[in-house]
Amino acid sequence: MNRGLVLATLRIGFAVLAIVAIGFQMLDLADRGDLNPINFFSYFTIESNLIAVAALLWAAAATGAGPNPRLDFFRGAATTYMTVTFVVFALLLADTDVDTAIVWVDRVLHRVIPIVMMADWLIEPPAVRIDLTRAWWWLAFPLAWVVYTMIRGATVDTYPYPFLDPANGGYAVVLVYSVAILVGMLLFIYAIVAIGNAMAARRSSTT
């Protein structure tokens, strides 16, 4: 079976899985009268998974079309965000209610899709070398999300995650967590770019 077709099929399959998981969780919250769409879509987990879905579907649609630097750049960003989702959830939120109470949904959004994105980056590394200075732009979305979250939280007194709520120790604690996550994200970006470029160079040398 054609490698490209297999990869495209898997990408579509996992994208659909993420969409179904998000939709199923929304229906469950709605049935219990707990669905607040704005709150739900304000979670970094949900937003990063939707970005991952877009990256997977775009990559599937571009199968066989040749090198696409814009696609690879977007895939790198999606992989970074899902890596952050995976690590932050494991370290800080594993026992916290983040509106993904259904076990299989929680596993799909916080574990399966992040691992899929990491594997996808390794299996199909960027065709064109990604410049690290450009990759720092991947920080734009998370930083904008933090600004939105803090402004909205101060306005409606609702924060998606406890470590961003000033009620849990004040703004100094929020700042410490935010800086720590930012440092982690910088390291993730560096690693994802370095690994992607190294895998691409290795693949080119063997073809």
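The preceding data block contains the structure.
A brief report on the enclosed structure follows. Just so it is clear, the structure is predicted and the values come from calculations on it, not from any experiment. (Residues numbered from 1 in each chain as written. Predicted model: local features only at pLDDT ≥ 70, side-chain atom pairs only at ≥ 80, totals over all residues. Heavy atoms only, no water.)

## Looking at the packing of helix α1 (residues 3–31) against helix α5 (residues 103–123)
Here is the rule: Simply put, an axis is a line fit to the C-alpha atoms, just over the touching stretch for a helix, and the angle between two N-to-C directions goes from 0 to 180 degrees. Each helix is a run of DSSP H or I of at least 4 residues and each strand a run of E of at least 2, with the numbering of both proceeding from the N terminus. The scheme is simple: roughly parallel for angles under 35 degrees, roughly antiparallel for over 145, roughly perpendicular for 65 to 115, oblique for anything else. Helix crossings fall into two classes, left-handed where the near helix is turned counterclockwise from the far one by less than a right angle and right-handed where it is turned clockwise. Throughout, a contact is declared for two residues whenever any of their heavy atoms are within 4.5 Å. Under the convention adopted here, Pro, Cys and the residues Ala, Val, Leu, Ile, Met, Phe, Trp and Tyr are nonpolar, Asp, Glu, Lys and Arg are charged, and Gly plus all remaining residues are polar.
Between α1 and α5, the shortest axis-to-axis distance is 10 Å and the interhelical angle comes to 155°. Here α1 is positioned roughly antiparallel relative to α5, judged by the angle of their axes. The element α1 and its partner α5 pack so that their crossing is left-handed. The segment α1 lies against α5, with R3, L7, R11, F14, L17, A18, V20, A21, I22, F24 and Q25 engaging W104, V105, V108, L109, V112, I113, V116, D120 and I123. Grouping the amino acids of the contact of α1 with α5 by side-chain chemistry returns 16 nonpolar, one polar and three charged.

## Section: the pattern of salt bridges
This is how the line gets drawn: Definition used for salt bridges: Asp or Glu carboxyl oxygen within 4 Å of a side-chain nitrogen of Lys or Arg. Remark: exposure states derive from per-residue accessible area (1.4 Å probe, protein chains only) relative to the maximum for the residue type, with buried under 20%, exposed over 50%, and partly exposed in between.
The full count for this structure, using the stated rule, is six salt bridges. For R75, the salt bridge identified is with D72, shortest N-O distance 3.2 Å. One end of the pair is R75 and the other is D72, both in helix α4 (residues 69–93) and three residues apart, which spans about a single turn. For the residue pair R75 and D72, the accessibility class agrees, reading buried in each case. Between R75 and D120 there is a salt bridge, and its shortest N-O distance comes to 2.9 Å. With R75 in helix α4 and D120 in helix α5, the pair connects residues that are 45 residues apart, well separated along the chain.

## Considerations on α1
As a reminder of what qualifies: Here the expected length of a helix is defined as 1.5 Å per residue gap, with one fewer gap than residues. Definition of a polar contact: a pair of N or O atoms within 3.5 Å, with one able to donate and the other able to accept a hydrogen when the atoms are protein atoms, and with sequence-neighbouring residues admitted only if both atoms are side-chain atoms.
Compared with an ideal rise of 1.5 Å per residue, which puts 29 residues at 42 Å, α1 spans 42 Å between its outermost C-alpha atoms and is within 8% of the ideal. For α1, the full list of buried residues reads L7, A8, R11, A15, A18, A21, I22, Q25 and L29. Buried residues along α1 sit against α2 (37–40), α3 (44–61), α4 and α5. Between a side-chain oxygen at the N-terminus of α1 and the backbone nitrogen of G4 the separation is 2.8 Å; the capping residue is N2. Looking one or two places after α1, you find G33, whose phi comes out positive at around 75°.

## A closer look at the side chain of D106
Mapping D106 onto the fold places it in helix α5. What D106 contacts, discounting residues up to four positions off in sequence, is F89, T100 and R111.

## Brief notes about the nonpolar core
For the record, the criterion: Here the nonpolar core consists of buried residues drawn from Ala, Val, Leu, Ile, Met, Phe, Trp, Tyr and Cys, with membership extended through side-chain atoms lying within 4.5 Å.
Ranked by size, the top nonpolar core spans 47 residues in total, and within it M117, W138 and Y161 carry the most contacts. Only α1, α3, α4, α5, α7 (140–156) and α8 (171–205) provide two or more residues apiece to this core. If you tally residues by element for this core, the top one is α4, at nine residues. Once residues lying within four places of it in the same chain are set aside, the contact partners of W138 are F73, G76, A77, T80, Y81, I130, I189, I192 and V193.

## Observations concerning the packing of α3 against α7
Helix packing for two helices is described by the angle between their axes and how far apart those axes are. Packing of α3 against α7 brings their axes to within 12 Å, and their N-to-C directions diverge by 150°. When the interaxial angle is binned, α3 and α7 end up roughly antiparallel. Where α3 crosses over α7, the two elements pack in a sense that is right-handed. Within the contact between the two elements, α3 uses F44, E47 and I51 and α7 uses F141, P142 and W145. A per-class count over the contact of α3 with α7 returns five nonpolar, no polar and one charged.

Note that every value here comes from positions in space, so none of it alone points to a role or purpose.
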